[in-house]
Amino acid sequence: MKKKLIIEEVTKRFVTPKREEIVALENVSAYVETSEFVTIVGTSGCGKSTLLKIVAGLERPSSGKVLLDGREIREPGADRGMVFQSYTLYPWLTVKDNIAFGLRLKKTSKKEIDEIVTYYLEKVGLAGFDAYYPKALSGGMKQRVAIARAMANNPEILLLDEPFGALDAQTRVIMQELLLQLMEETKMTVLFVTHDIDEAIYLGDTVYIMTARPGRIKEEVKVDVPHPRSPDIKMSPMFLELKKKVVKSIREETIKAVAQTFGGLA
Amino acid sequence: MKPFPESAESRSLSSAHHPENTQRRWTDKDFLKPKEPIRHRVYLSLTAISVSAIFLLWMILTYGGLVDPMFLPSPTAILKTGYHLFATGEIYPNIWTSLYVVVVGFILAAIIAVPAGILMGSFKFVEALIEPIINFVRYLPVSAMIPLLILWIGIGDVEKIAVIFLGTLFQLTFLIADVSANVPKELLQVAYTLGARKRDVTLRVLIPASLPGIMDNLRITMGWAWTYLIVAELVSAERGLGYMILQAMRGMQTDVIFVGLFVIGLLGLITDQTFKYLTIWLLPWSEKASVS
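Residues numbered from 1 in each chain as written. Chains lettered and ligands numbered in written order. Predicted model: local features only at pLDDT ≥ 70, side-chain atom pairs only at ≥ 80, totals over all residues.

A.B. asks: Quick question: what am I supposed to make of the interface of chain B and chain A here?
C.D. replies: Note on interface size: it is often stated as the accessible area lost on association of the parts. Facing 20 residues of chain B, the contacting portion of chain A comprises 25 residues. Listed by contribution, the elements that provide at least two residues to the side of chain B that touches chain A are α1 (8-17), α8 (185-193) and α9 (198-235) of chain B. In terms of residue class, the side of chain B that touches chain A is made up of 10 nonpolar, five polar and five charged. (Contact = placed C-beta atoms within 7 Å. Helix = DSSP H or I, 4+ residues; strand = E, 2+ residues; numbered from the N terminus. Nonpolar A, V, L, I, M, F, W, Y, C, P; charged D, E, K, R; others polar.)

A.B. asks: Would you explain helix α6 (residues 169-186) of chain A in this entry?
C.D. replies: Owing to its 3.6 residues per turn, the α-helix brings residues three or four apart onto one side. Residue and element names in this part refer to chain A. For α6, spanning 18 residues, the distance from its first C-alpha to its last is 26 Å, which sits close to the expected 26 Å at 1.5 Å a residue. Burial in α6 covers these residues: Arg172, Met175, Gln176, Leu179, Leu180 and Met183. End-on, the buried residues of α6 take up no more than an arc of 135°, which puts them together on one face. Every exposed residue of α6 that faces more than 90 degrees away from the buried side is listed here: Gln170 and Glu185. Tucked into the core, α6 has its buried residues touching β3 (37-41), α5 (139-152), β8 (189-194) and α7 (197-203). After α6 finishes, the residue Lys187 shows a positive phi value of roughly 55°. (Expected span 1.5 Å × (residues − 1). Buried ≥ 20, exposed ≤ 12 C-beta atoms within 10 Å, placed from the backbone. Arc of directions from axis to C-beta.)

A.B. asks: Would you mind going over the nonpolar core with me for this structure?
C.D. replies: Grouped burial of nonpolar side chains is what soluble globular proteins tend to show. In terms of nonpolar packing, the biggest core is built from 82 residues, with Val55(A), Tyr120(A), Ala148(A), Leu159(A), Val190(A) and Leu191(A) touching the most fellow members. For Val190(A), the contacting residues outside a window of four places in its chain are Phe37(A), Val38(A), Ile157(A), Leu158(A), Leu160(A) and Met183(A). Counting residues in hydrophobic clusters, the runner-up holds 50 residues, among them Ile118(B), Leu218(B), Tyr243(B) and Met244(B). (Core = buried A, V, L, I, M, F, W, Y, C linked by C-beta atoms within 7 Å.)

A.B. asks: Can you help me understand the packing of helix α3 (residues 75-87) of chain B against helix α11 (residues 254-282) of chain B in this one?
C.D. replies: A pair of packed helices is captured by two measures, namely the crossing angle of their axes and the spacing between those axes. Residue and element names in this part refer to chain B. It is the contact of α3 with α11, at a shortest axis distance of 9 Å, that shows an interaxial angle of 75°. Comparing their axes, α11 and α3 come out roughly perpendicular. Packed against α3, whose contacting residues are Ala77, Ile78, Thr81, Gly82 and Leu85, the element α11 presents Asp255, Val256, Phe258 and Val259 at the interface. Here the residues of the contact of α3 with α11 sort into six nonpolar, two polar and one charged. (Axes fitted to C-alpha atoms, helices over the stretch in contact; angles between N-to-C directions. Parallel < 35°, antiparallel > 145°, perpendicular 65-115°, else oblique.)

A.B. asks: Quick question: what am I supposed to make of the environment of Met222(B) here?
C.D. replies: Structurally, Met222(B) can be placed in helix α9. For the pair Met222(B) and Leu99(B), spaced 123 residues apart in sequence, the C-alpha separation works out to 12 Å.

A.B. asks: Looking at this structure, I do not really get the sheet that holds strand β1 (residues 3-15) of chain A. What am I missing?
C.D. replies: In sheet architecture, strand pairing relies on hydrogen bonds along the backbone and comes in two forms, parallel and antiparallel. Residue and element names in this part refer to chain A. Pairing within the open sheet is antiparallel, and its four strands lie in the order β2-β1-β4-β5. Taken across any chain shown, the strands that pair with only one partner, and hence form the sheet edges, are β2 (21-33) and β5 (71-72). Pairing of strand β4 (residues 63-68) with β5, which is carried by two bridges, proceeds in the antiparallel orientation. Within β5, the position partnered with Leu67 by the bridge is Glu72. (Pairing = 2+ DSSP bridges.)

A.B. asks: Honestly, the sheet that holds strand β6 (residues 80-83) of chain A in this entry has me stumped. Any pointers?
C.D. replies: All names here are of chain A. The strand order across the open sheet formed by six strands is β6-β7-β8-β3-β9-β10, and the pairing between neighbours is mixed. The sheet terminates laterally at β6 and β10 (217-222), the two strands that pair on one side only. Strand-to-strand twist in this sheet, taken as the mean axis angle between neighbours without regard to direction, amounts to 15°. In this fold helix α8 (residues 237-262) packs onto β3, β9 (206-210) and β10, with an angle of close to 175° to the strand it touches most, β10.

See the structure below:
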């Protein structure tokens, strides 16, 4: 398989207002193959969201680079669609106009916009909701529209930053199934960041485990579970074995992160 | 009050917390619990009680002859005077002058403050240019500037328009800068990932996202504009509601003062409601546009 996205030795340093230097990411290298679903799992504050923002072009790496189809990423663009954890639908636009936002910027014809919007609304299970304003939607519905909005632009890769993090547990499971099904159908390339281990394994073809600050890739786990995946696989011995491995790895990092935060006190 | 159904989630949340609230009577001492809702009928009755208590006290004091009508005229005396002022048309030039001055001064201030505030809240270089100046000037009470404005401009309507303009301009700019600075950065970032350029982000995201907050702050500053106007008219004027009140004081016509106060209050209420319905009409998508 061809490597669609290559993250090459990316390091990111911040300087805090107190002039302390923080290394958020250190020599992170990873890749995503065409039509692959890659998840990155790590404790909070490990820099995984920063990594995704660097891939999106919203932030610049201090050193290293990210290549999409062989071209270095220098700025954000429509070829990398993104879904955030916080609700980012535009409240002044209807569901339809939200999904059409990127298409209008590309001067897509009205007829085509109508077709694309109807298609993706149906795909995310919100057919008929075109004229609603976001304030009338629940959190899960908002994220469905956000996914439809990113996909309607037909990006080369879809970047998701804990998109279900704010949803309740039941809704989250439904959304995971929906996303997986969508990606199995469309064969889109996905980079998905989460702190939820179940989610990372259930969705991912490859799971990268990140260390606590400074964020580094600790381990790369291949999830050899065939598609289509039913939610039942979460109970399978194979899944549980993988989960045990990831949990152990993450646990070490969480303990380390806590120790860092509290310094000598812990 | 009946909760406005916003989303399935918020509804299920509130009912999950207080499933039995709607059936309960307020007599079981829930009203002493902070933030508990009470029944609509109880709410209205309480309002009616407080308003009628004030009226009752007023009536006892005046009709009972307990205070000199020179200090506090009776409700009927005020109604009579009010009727007279409106029937003869005496009051209209004063109302028009005050309204004209407030509206013109306020609109001029808004025309400058809204764009300046958006720029100041969103672009650091604009902030660096104007924030220190605004922060200094906005703490100068505009009433302290009235003598200077009279020296410069005279005592006509233009001077009063200048008072309203200066009184609201800096506050409004500052408040709107805050609104635009608080637009979540993710809203802008998501636009970039959908292919937007800087210009699109400003015009299609930053400005619409700021609109509800702008409306809110226009509504608040409009209230201040009325205060500044009356202060300006009390200092020097030839017409206007503040002028009418001052003349009434000189002539010991307490009833006219009260009519003036009621008219000012009423006009303030009308402008406030106008802003509320403008929000519902122009920004139906906003969380603030719920009818409550």
